[in-house]
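Structural characterization, general
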Amino acid sequence: MSGFFTRLRALLRKETRQMLRDRSTLLVGLMLPVVLILLFGYGLSFDVRDAPVAVVIDDPAPVARDAVAGISGSPYLAPVFVADMADAIALMRAHRVDAIVHLPSDFARRRAMGDAQVQVIINGTDTASAVIIEGYLDSAIAETSLHDSDRTGPGGSVGAVTVVPRMWFNDANESTWYLVPGLLVLIMTLIGAFLTSLLIAREWERGTLEALFVTPVRPTEIIIAKIVPYLLIGAIDIAVCLLSARFIFHVPIRGSLALIVLTSLLYLAVSLLQGLWISGVTRNQFAASQVALLASFMPATMLSGFIFDLRNAPLVVQVISHLLPATHFMAVIKTLFLAGTVWSAVVKACAVLSLYILVLGLLTHRTLRKRLD
Amino acid sequence: MNEAPPVVAIEGLRKVFAAPDGTPFAAIDDISLTVRPGVLTALVGPDGAGKTTLIRMIAGLLQPDGGSLRVLGHDVHRDPQAVQNRISYMPQRFGLYDDLSVQENLDLYADLHGVPDDERRERIGRMLAMTDMARFVARPAGKLSGGMKQKLGLACTLVRSPDLLLLDEPSVGVDPLSRRELWAILEQLIERDRLSVLVSTAYMDEAARCDALYVLHHGRLLAQGTPDDLRALAQGLTYEATPPPGVPARAVQARLIDAPSRIVDAVPRGGSVSLIRRPECSEAAMAALVPDAAITPREAGLEDAFMLLLHAQPGADVAPAASPAPPLVRDAEPVIVVRDLVRRFGDFTAVANTSFDVRRGEIFGLLGPNGAGKTTTFRMLCGLLPATSGTLQVAGVNLRHARSKARARIGYVAQKFALYGNLTVRENLRFFAGAYGLRGAAADARIAAVIKRFGLDPAMTSGILPTGYKQRLAMAAGLLHQPDILFLDEPTSGIDPLARRAFWRTITELAAEGVTIIVTTHFMEEAEYCDRIAIQDAGRVLALGTPQAVREAAGGDHTMDMNRAFIAIVEQSRANGESAAA
């Protein structure tokens, strides 16, 4: 048994040194999570805020200016006043504005007659945003006309629109609340896919495993030594994720912090072992990283419930999604963040993740059976 | 000592792999052998003989498909770990971690073998002293030269005294100087620790140092015995033919090797030709082949015995029928002019101040250890890499200005044989013909010509061909556009001695037709085929001239082989460098 600990210590020292000396590993392990947090946290959001809108007012009458005052007042829209349509179109083409609001030169006259028209042009390349902006514009302009109709009395309004549409995603920062916990899942998955998937394959390619095999070393020792240093890197990433969730994105943490850390570490172990197993099977660094990306990161993004709600997905997709460890972790981590400690969910997730650790550990052990054939 | 139980006992061992085309083939075919304790035993054979497979099976890394295999009293198949606890093994790629330092590599293996602290200090200290690496303990293994890596690999396997040491081609790809050092260390250890060693090698001079030899070829055991036993096989069949003045040795060699019914083997050596006659061929019949040369008997060497054994195998004669050599075409005008060529990578000078000329129809060899600057020089000559400074003229064209114009006149055969593995021989040739701008009937005529010349089967898929065959195909592709100059980068590495003979036969024929040949090689004895050679080390040309002139510069006569000449020249230059620095 003392041999076990001597060998394990030697292997741990070796793996840690190799990890610390490989700059690309550290970069992927420590910087990529930060980049992802910023990218997803700020970049990927389903909210529309301060959407730039070009406003063209061809009618010098003050009533025309009043008609679009609602746009200036909206927190979701940012008006850009331009001299004529040509300028507005140029801005639209340059993607500087998402929409154009055009008040024609006869606006005041026709308004007095009761059939004033406002032209609204929206960039439709991003349909989702277009629909949201249209809603905001409608309500902003309708709001103004409602004010007007109060003054002029019924019958002389631009439109009898009284409905202010509620946008699905527009209240507060709901989508970052939803995304940031999911990001923890993605980052843990990524570490396994990018870091451990190279470890065994690299030793096959460089021929070092052959020399290592013909020593008293046991496969279990190799596996433990390859997992532990990356568990530490992953633990740092967990801390970074939790801190940024709490202090940058102000996501509430309603459940137990200890349980969040525990389930994250369990999932991290699953992810690292999965990478290691792929590495042992492919024996080739390029293939291993490709397979790991396709088999773990992509499905974790698409099928774990990170972005798409899978309850409406076809049965086959649902079955596949439930085979992914990421799905189980995603469910429990969102619950722990946003709902609170639900013990049944935590126990179930821990059991499932532990089972994965056991199965993947055994599979990896098989790939290190000290055989070249 | 004979009463002691053998360290390795192998009986009727078999190992079957799937060939690239899916059919099974026996990598180890019914082999029986024993390794006695306390001696140096060698597995000798060309690449592909099954040496590595056999060593891996002894190490418990491959499962046998038949027969019995006992190592140190354990059945390897049943309990590989018991064997792996007691042996040390150095695989061909040394098993070093490039990103760990010399000391860290040594400590890792000492820990894995459970060497106690006090013993470890003593042993590692001794290994470092022996390998002269104490200065480099903090250097990452990846930054060591090939020869130093090899010594470190050996030191790592010897951090404790194993009951059996397995070395798989420990000296492949390293220069003669490092090879000699490695063997000195090995012999010292065997002497001192009474080590039992099994080593595989393709070098005959290494085999000659061993106590017991097993000759392997295509997975079968051809012969076994002491070096003297094997040498006796060729006794009385070996001669030396000295050509008359003015006739190059390789012209005589070509005539001899073209008569396989009488001559087993002929190679140029030291200005004359070493040959082996067939036992059934009389001395008179042999002499009739080269009436102008003086033939004298010579002592049989291990290499002679080895060639004799290989030739006794069915299908051994692979030399394609050579056409009668046309008269030598040679003009004084150099086709390649290199003046003060320099290539730097950052602050590292890969090639320093190199100058030489090559004339039309000449065979020019670039020799040197790995990292000497051969490949860099070569790439600059082919126009693949711009020079940092200096003049470089190929086929009358200055490579600085008209690279593509020069390229149309050169053929290039890369070390890894740039072929498309999933295309057939004909498809590969058709592609390269197109790449060289040959079309229609002209392309067809050239493809047919090279297929005939190199004895190729156009329908074969090139990916599954044996290495020697691939090399012929790569040569064929390089010659499609009838280049004036042919560049060959390590063309003979990884192919067996018979295929190497055939290769050089084709090369001498091409040179006689007026094609200029530039070739790099790490087989020093192949320098004998060259008209002139340049020996490079650490980016500098140390010697330049005919093989004979280089031998004389090394302070030897014609009996000195190129290995020893090489070592002498490199040592001289390094000694000069040190005295200059002092």
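Residues numbered from 1 in each chain as written. Chains lettered and ligands numbered in written order. Predicted model: local features only at pLDDT ≥ 70, side-chain atom pairs only at ≥ 80, totals over all residues. Heavy atoms only, no water.

Residues and elements named next belong to chain B. One can find Arg 126 in helix α4 (residues 117-131). Owing to a relative accessible area of 16%, Arg 126 belongs among the buried residues under this scheme. Along the backbone, Arg 126 and Val 159 are 33 residues apart, and their C-alpha atoms lie at a distance of 9.5 Å. Apart from the residues lying within four places of it in its own chain, the contact partners of Arg 126 are Leu 189, Arg 192 and Asp 193. A polar contact of 3.3 Å, which involves the side chain of Arg 126, links it to the side chain of Asp 193. (Helix = DSSP H or I, 4+ residues; strand = E, 2+ residues; numbered from the N terminus. Buried < 20%, exposed > 50% of the residue type's maximum accessible area, 1.4 Å probe, protein only. Contact = heavy atoms within 4.5 Å. Polar contact = N/O pair within 3.5 Å; in protein donor to acceptor, adjacent residues only side chain to side chain.)

Okay, the sheet that holds strand β10 (residues 220-225) of chain B next. Residues and elements named next belong to chain B. Overall, mixed pairing links the six strands, which are arranged β6-β7-β8-β3-β9-β10 in an open sheet. Each end of this open sheet is capped by a strand with a single partner; those strands are β6 (87-90) and β10. Put simply, the sheet's adjacent strands are angled 15° from each other on average, direction ignored. For strand β9 (residues 212-217) and β10, the ladder comprises five bridges, and the chain directions are antiparallel. Residue pairing in the sheet places Leu 213 in a bridge with Gly 225 of β10. In the packing of helix α11 (residues 302-311) onto the sheet, the strands contacted are β3 (40-44), β9 and β10, and the crossing angle to β9 comes to about 35°. (Pairing = 2+ DSSP bridges. Axes fitted to C-alpha atoms, helices over the stretch in contact; angles between N-to-C directions.)

All right, on to the pattern of salt bridges then. Residue and element names in this part refer to chain B. Inspection of the entire model under this criterion finds 44 salt bridges over all chains. For Arg 551, the salt bridge is made with Glu 528, and the minimal N-O distance between the two is 2.9 Å. Of this pair, Arg 551 sits in helix α18 (residues 547-553) while Glu 528 is found in the loop between β22 (516-521) and β23 (532-537), placing the two residues 23 residues apart along the sequence. Grouping residues by exposure puts Arg 551 and Glu 528 together as buried. (Salt bridge = Lys/Arg side-chain N within 4 Å of Asp/Glu carboxyl O.)

The subject of this paragraph is the packing of aromatic side chains. For the coordinates displayed, the defined rule picks out 12 aromatic pairs over all chains. Seen from their ring centres, A:Trp204 and A:Phe213 are 6.0 Å apart, and the 80° between their planes marks the pair as edge-to-face. Residue A:Trp204 shares its accessibility class with A:Phe213, and that shared class is buried. Taking the centre distance of 5.2 Å and the plane angle of 80° together, the rings of B:Phe503 and B:Trp504 count as edge-to-face. For the pair shown, B:Phe503 and B:Trp504 are each scored as buried. Through a chain of ring-to-ring contacts, the aromatic side chains of B:Phe378, B:Tyr412 and B:Phe487 assemble into a single cluster. Cation over ring: B:Arg179 sits above B:Tyr203, and NZ or CZ is 3.6 Å from the ring centre. (Phe/Tyr/Trp six-rings, centres within 6.5 Å; stacked < 30°, edge-to-face > 60°. Lys NZ or Arg CZ within 6 Å of the ring centre and 35° of its normal.)

Now for the interface of chain B and chain A. Every contact between the two is made by 28 residues of chain B and, on the other side, 28 residues of chain A. Taking both sides of the interface into account, the surface hidden between chain B and chain A amounts to around 2,700 Å²; carbon and sulfur atoms contribute 55%. Looking only at chain B, the three residues that lose the most surface to chain A are B:Leu61, B:Tyr97 and B:Leu112, adding up to 24% of its buried area. The interface formed by chain B and chain A contains three salt bridges. Of the charged contacts in the structure, one is a salt bridge between A:Arg21 and B:Glu104, with a shortest N-O distance of 2.7 Å. On the surface where chain B and chain A come into contact, there are 13 residue pairs in polar contact (both at pLDDT 80 or more). Residue assignment for the side of chain B that touches chain A shows that the elements contributing at least two residues are α2 (80-84), β6 and α3 (102-112) of chain B. In terms of residue count, α3(B) provides more of the side of chain B that touches chain A than any other element does, five residues in total. Partitioning the side of chain B that touches chain A into residue classes produces 13 nonpolar, nine polar and six charged. (Buried area = accessible area lost by both parts, 1.4 Å probe. Nonpolar A, V, L, I, M, F, W, Y, C, P; charged D, E, K, R; others polar.)

Per-residue pLDDT for chain B has a mean of 87; in total, 95% of the residues score no lower than 70. The complex model carries a pTM of 0.80, and its ipTM stands at 0.80. (pLDDT = per-residue confidence, 0-100.)

In terms of domains, chain A is made up of domain 1 (2-44 + 173-367) and domain 2 (51-152). One C-alpha centre belongs to domain 1 of chain A, the other to domain 2 of chain A, and the line joining them spans 49 Å. (Domains from an automatic or database assignment.)

It is worth spelling out the domain arrangement of chain B at this point. All names here are of chain B. You can read the domains of chain B as domain 1 (8-227), domain 2 (231-311) and domain 3 (367-378 + 409-581). Contacts between the two partners involve 17 residues from domain 2, matched on the other side by 13 residues from domain 3. Both sides together, the interface formed by domain 2 and domain 3 hides about 1,300 Å², and carbon and sulfur atoms give 55% of it. Broken down residue by residue, the surface that domain 2 buries against domain 3 is led by Arg 250, Pro 268 and Gly 270, which jointly contribute 42%.

Take the pairing of β9(B) next. All names here are of chain B. When you tally the buried positions in β9, you get six out of six residues, the bulk of the element. Across the two faces of β9 the burial is the same, with Ala 212, Tyr 214 and Leu 216 and Leu 213, Val 215 and His 217 all buried. Pairing analysis gives four bridges linking β3 to β9, with the strands arranged parallel. Opposite Val 44, over in β9, you have Val 215 as the bridge partner. A loop of two residues connects β9 with β10, the two strands running antiparallel in sequence, and His 218 in this loop sits at a positive phi of about 50°.

What follows deals with the side chain of B:Asn428. Residue and element names in this part refer to chain B. With respect to the helices, strands and loops of the structure, Asn 428 is situated in helix α14 (residues 425-435). Side-chain polar atoms of Asn 428 contact the side chain of Ser 462, separated by 2.7 Å. Setting aside residues no more than four positions away along its own chain, Asn 428 makes contact with Leu 419, Tyr 420, Leu 423, Ser 462 and Leu 473.

Residues and elements named next belong to chain B. Here α11 crosses helix α17 (residues 497-512) at 95°, and the two axes come no closer than 10 Å. Judged by the inter-axis angle, α11 sits roughly perpendicular to α17. For the pair α11 and α17, contact is made by Glu 303, Phe 306, Met 307, Leu 310 and His 311 and by Pro 497, Leu 498 and Arg 501, respectively. Looking at the contact of α11 with α17 residue by residue, the classes come out as five nonpolar, one polar and two charged. (Parallel < 35°, antiparallel > 145°, perpendicular 65-115°, else oblique.)

Attention now moves to the sheet that holds strand β13 (residues 272-277) of chain B. Sheet strands pair via backbone hydrogen bonds, and the direction of the pair is either parallel or antiparallel. Residues and elements named next belong to chain B. The sheet built from four strands is open, its strands ordered β12-β13-β11-β14 with antiparallel pairing. Each having just a single partner strand, β12 (263-269) and β14 (294-297) make up the two edges of the open sheet. Averaged over all pairs of adjacent strands, the angle between their axes in this sheet comes to 25°, without regard to strand direction. Bridge count for β12 against β13 is six bridges, and the pairing is antiparallel. Within the sheet, the bridge partner assigned to Asp 265 lies in β13 and is Ile 276. Relative to β12, helix α9 (residues 249-257) is tilted by about 170°, and along the sheet it contacts β12 and β13.

Time to look at α3(B). Counting buried positions along α3(B) gives nine out of 11 residues, so the element sits mostly inside the fold. Just downstream of α3(B) lies B:Gly114, where phi reads positive at about 65°.

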